[in-house]
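# Close look at the chain arrangement
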Amino acid sequence: MAAEATQKTFDIPKTYKAAVYDKPGTISTRIVELNTPDPGPGDVLVRLTHSGVCHSDMGVMENSWRGLPYPTQPGQIGGHEGVGVVHKLGPGSDRVKVGDRVGIKWIAYACGACPPCLEGRDGVCFNQKISGYYHPGTFQQYALAPANYVTPIPDSLSSEDAAPMLCAGVTTYSALRKSDAKSGQWAVIVGAGGGLGHLATQIGSRGMAMRIIGIDHGSKESLVKECGAEVFLDITKFDDKTLAEEVKKVTGGLGASAVIVCTASNNAYAQALDFLRFGGTLVCVGMPEGDMVPIAKAFPAMMVAMEHNIKGSAVGNQREAIEVLEMAARGVVKTRLRIEKMEKLTEVFQEMSEGKMQGRVVLDLQ
């Protein structure tokens, strides 16, 4: 009988590098040295190798989300699409092993005790997300995470490809599931060429057999069609009325069964209800910045007459994260990404702010 494998051990440095928001309210980050923490009961210490950069990180950094319970403080570490290797276990952390490759998500922990968790919708408790251990920050080389909620990464999936699945991938997959659109039905992806949208387009078309209409700036047409959109509509060539008319024309006069708004635009939400067919569903994903504005055109009389649904979708649960990672491992969905070093983070955010970014940026933290 072969001898049992020896428990892996790693040399852990006393300090490590992290990118912090040094001037919240502006686009500015700074590299600092921090003391490496020791995992407590139920925790693991993860040596992060990669982290995706999400538009949500910029909203937090700039303090532009009015719905946040408190302003971002100087020194906060952003990031929530982290992939790395478990380097040390805290007491009682036997759900994983040292050496396991795992992911840390936006919702890094769910207690499993409240009704959403018991119903299989773990990780959707807003009070828990804003008050507890939900966001350890992944723009750093080491992070603590709960052993029972880190996400296993498939062996065949590279860490850089896995990172965007932990927010952009699982968020759009969960939103498409919540839309209740069936295979063969039309779904509109608004912001189809962005970090979330290009994944939603792939998952919807190739993973769930939906017919996708992608809406975005004309410069992103090639990307959106490569991702599986059957139809692309250049937002710059239509006004609100003619855009809705074109969606209706494409869908045989009926409208789409679902609209997934992946862009952070109040006007996109105002347009979206006019794209829907009878009984269709609008799923809210993108979070507009600045003062909170209600969804325009959500008139009760029209909502009743058309039996429209409006749903919110906050990331996704652990099961959905595992499923979308497996989808990526099979090659059904692949992030269009480029790799940058941690020191380039401010420049990445500037590019994102100017609307020039296609796909996703992943930081190499090694």
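Residues numbered from 1 in each chain as written. Predicted model: local features only at pLDDT ≥ 70, side-chain atom pairs only at ≥ 80, totals over all residues. Heavy atoms only, no water.

### Some details on the pairing of strand β1 (residues 15-21)
Counting buried positions along β1 yields 5 of 7 residues, so the element is predominantly enclosed. Relative to strand β2 (residues 29-35), β1 is paired through 7 bridges, and the arrangement is antiparallel. From the neighbouring strand, Y16 faces β2, where its bridge partner is L34. As paired strands, β1 and strand β4 (residues 76-77) are joined by 2 bridges and run antiparallel to one another. Note that in β4 the partner of V20 across the bridge is I77. (Buried < 20%, exposed > 50% of the residue type's maximum accessible area, 1.4 Å probe, protein only. Helix = DSSP H or I, 4+ residues; strand = E, 2+ residues; numbered from the N terminus. Pairing = 2+ DSSP bridges.)

### Some remarks on the packing of helix α5 (residues 168-178) against helix α11 (residues 318-329)
Look at α5 against α11: their axes get within 9 Å of each other, and the N-to-C directions meet at 110 degrees. Viewed along their axes, α5 and α11 adopt a mutual orientation that is roughly perpendicular. Here G169, V170, Y173, S174 and R177 of α5 lie close against α11, whose contacting residues are R319, E320, A321, E323, V324 and M327. (Axes fitted to C-alpha atoms, helices over the stretch in contact; angles between N-to-C directions. Parallel < 35°, antiparallel > 145°, perpendicular 65-115°, else oblique. Contact = heavy atoms within 4.5 Å.)

### Some remarks on the domain arrangement of the protein
Annotation of the protein at the domain level lists domain 1 (15-167 + 316-364) and domain 2 (170-312). Placing the centre of domain 1 and that of domain 2 at their C-alpha centroids yields a distance of 27 Å. Between domain 1 and domain 2, the residue contacts involve 30 residues of the former and 27 residues of the latter. Taken together, both faces of the contact between domain 1 and domain 2 bury some 2300 Å²; the carbon and sulfur share is 56%. The partner of E320 in a salt bridge is R177, with the nearest N and O atoms 3.1 Å apart. Where domain 1 packs against domain 2, one counts 11 residue pairs in polar contact (both at pLDDT 80 or more). Contributing elements (two or more residues each) for the side of domain 1 that touches domain 2: α1 (55-61) and α11. Across the side of domain 1 that touches domain 2, the residue classes break down as 12 nonpolar, 10 polar and 8 charged. (Domains from an automatic or database assignment. Buried area = accessible area lost by both parts, 1.4 Å probe. Salt bridge = Lys/Arg side-chain N within 4 Å of Asp/Glu carboxyl O. Polar contact = N/O pair within 3.5 Å; in protein donor to acceptor, adjacent residues only side chain to side chain. Nonpolar A, V, L, I, M, F, W, Y, C, P; charged D, E, K, R; others polar.)

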